[in-house]
Amino acid sequence: MTALGLPDTIQACLFDLDGVVTKTAVVHAAAWKETFDAFLRDHDGQRPFDAVADYDEYVDGRPRADGVRTFLDSRGIHLPEGTPDDPPDAPTVHGLGNRKNELLLEKIRTQGVEAYDGTLRYLEAVRAHGLRTAIVSSSANCRDVLRSIGAEHFFDVRVDGVVAAERRLPGKPHPDTFLAAARDLGVEPARAAVFEDALAGMDAGRAGRFGYVVGVDRVGQTDALYAHGADTVVKDLAELGGKE
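Residues numbered from 1 in each chain as written. Predicted model: local features only at pLDDT ≥ 70, side-chain atom pairs only at ≥ 80, totals over all residues. Heavy atoms only, no water.

(A) Region of the structure containing the overall build of the protein. Looking only at helices and strands, the protein features 10 helices and 6 strands. In terms of overall dimensions, the protein has a C-alpha envelope of 60 × 35 × 30 Å along the principal axes. The proportion of buried residues among the 244 residues of the protein is 55%. Carbon together with sulfur atoms contributes 48% to the accessible area of the protein, which is approximately 11000 Å² in total. (Helix = DSSP H or I, 4+ residues; strand = E, 2+ residues; numbered from the N terminus. Buried < 20%, exposed > 50% of the residue type's maximum accessible area, 1.4 Å probe, protein only. Areas by Shrake-Rupley, 256 points an atom, 1.4 Å probe, with all protein chains shown as cover.)

(B) Up close: the pattern of salt bridges. For the coordinates displayed, the defined rule picks out 18 salt bridges. We note a salt bridge from Glu102 to Arg99, for which the minimum N-O separation is 2.5 Å. Here the residue Glu102 and the residue Arg99 both occupy positions in helix H4 (residues 93–111), the gap between them amounting to 3 residues, near one helical turn. You can call Glu102 partly exposed: its relative accessible area is 35%. The salt bridge partner of Arg132 is Asp156, with a shortest N-O separation of 3.8 Å. Of this pair, Arg132 sits in strand E2 (residues 132–136) while Asp156 sits in the loop between helix H6 (142–148) and strand E3 (157–159); the two residues are 24 residues apart in sequence, bridging distant segments of the chain. Residue class for Asp156 comes out partly exposed when judged on its relative accessible area of 35%. One connected set of salt bridges, linked through shared partners, spans Asp16, Lys172 and Glu196. (Salt bridge = Lys/Arg side-chain N within 4 Å of Asp/Glu carboxyl O.)

(C) A look at the packing of helix H1 (residues 25–40) against helix H3 (residues 64–74). Their axes nearest at 13 Å, the elements H1 and H3 cross at an angle of 45 degrees. As judged from the angle between their axes, H1 and H3 are oblique. The two elements H1 and H3 meet at a crossing, and its hand is right-handed. Residues Trp32, Phe36, Phe39 and Leu40 of H1 form the contact with H3, whose own contacting residues are Arg64, Gly67, Val68, Phe71 and Leu72. Split by residue class, the contact of H1 with H3 holds 7 nonpolar, 1 polar and 1 charged. (Axes fitted to C-alpha atoms, helices over the stretch in contact; angles between N-to-C directions. Parallel < 35°, antiparallel > 145°, perpendicular 65-115°, else oblique. Left-handed = near helix turned anticlockwise from the far one by under 90°. Contact = heavy atoms within 4.5 Å. Nonpolar A, V, L, I, M, F, W, Y, C, P; charged D, E, K, R; others polar.)

(D) Quick look at the environment of Asp223. Secondary-structure assignment places Asp223 in helix H10 (residues 222–227). Considering only alpha carbons, one finds Asp223 and Val233, 10 residues apart in sequence, at a separation of 8.9 Å.

(E) Spotlight on the nonpolar core. Residues Leu6, Phe15, Tyr122, Phe195 and Leu237 are the most contacted members of the largest nonpolar core, which totals 37 residues. The set of elements that each furnish at least two residues to this core consists of strand E1 (12–15), H1, H4, helix H5 (117–128), H6, strand E4 (192–196) and strand E5 (212–216). Broken down by element, this core gets its largest block of residues, 5 residues, from H5. Apart from residues no more than four positions distant in its own chain, Tyr122 is found in contact with Leu4, Leu6, Phe15, Phe195, Leu237, Leu240 and Gly241. Within the second largest apolar cluster, 19 residues are counted, among which are Ala134, Val157, Ala182 and Phe210. (Core = buried A, V, L, I, M, F, W, Y, C linked by side-chain atoms within 4.5 Å.)

(F) Representation of H5 within the structure. Over its 12 residues, H5 extends 17 Å from the first C-alpha to the last, a length consistent with the 16 Å expected when each residue adds 1.5 Å. Buried within H5 we find Gly118, Thr119, Leu120, Tyr122, Leu123, Ala125 and Val126. Following H5 by one or two positions, Gly130 adopts a phi angle in the positive range, close to 85 degrees. (Expected span 1.5 Å × (residues − 1).)

(G) Quick look at the packing of H1 against H4. For the pair H1 and H4, the least separation of the axes is 9 Å and the interaxial angle reads 135 degrees. Between H1 and H4, the crossing angle belongs to the class labelled oblique. Note on packing geometry: the crossing formed by H1 with H4 is right-handed. Taking contact as the criterion, the partners of Val27, His28, Ala30, Ala31, Trp32, Glu34, Thr35, Phe36 and Phe39 in H1 are, on H4, Leu96, Arg99, Lys100, Leu103, Leu104, Lys107 and Gln111.

Given below as structure tokens:
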């Protein structure tokens, strides 16, 4: 293992955004809960959205529309697809997704965005060691969030919700966005490491046959991260090292 805590065959690092670089996973969970709870109140017998269990299982790491479909399927509820430009009050998959995004942006505006200091230090070390880097996120707000914390310069490549839509790439748990980032960096998947906090991201890392998959456990789900394909699990990337 290198000073970065990675196999010496690794040439590139592919980082998720929410929960790995930024402390926004809890904000996403709160926005999803507010969205789904308001929707579920109109469906008799439905329990509220669980911002931990339901979030981890059905929406974390997935594109918004996929998260809506997956969660509603778990409750036996089916909505029309609608279109991506549906208003946030439309009773459609995209309408609910847009409502969640509206709430998320409001929370980010009022609460701000924070980065994980351990991740920023690790990114500095990764760059100093000459490894290439990519940010891989399902969020369509990825670039704005990176700019808000002054971290855009850490990444050679960005594959986010906007890029995925342009290229018609399926989101996590499919490996396509990570594979696209590796291609853009000119690195084989076997020589790239994936850094993820979401179970869907672990599944994507395993499905893409990446050289190393690092699970970042912010919420006490170490066993689940290993079960979904992590090679190692840390609570903070600072645990991996990064200093000579």
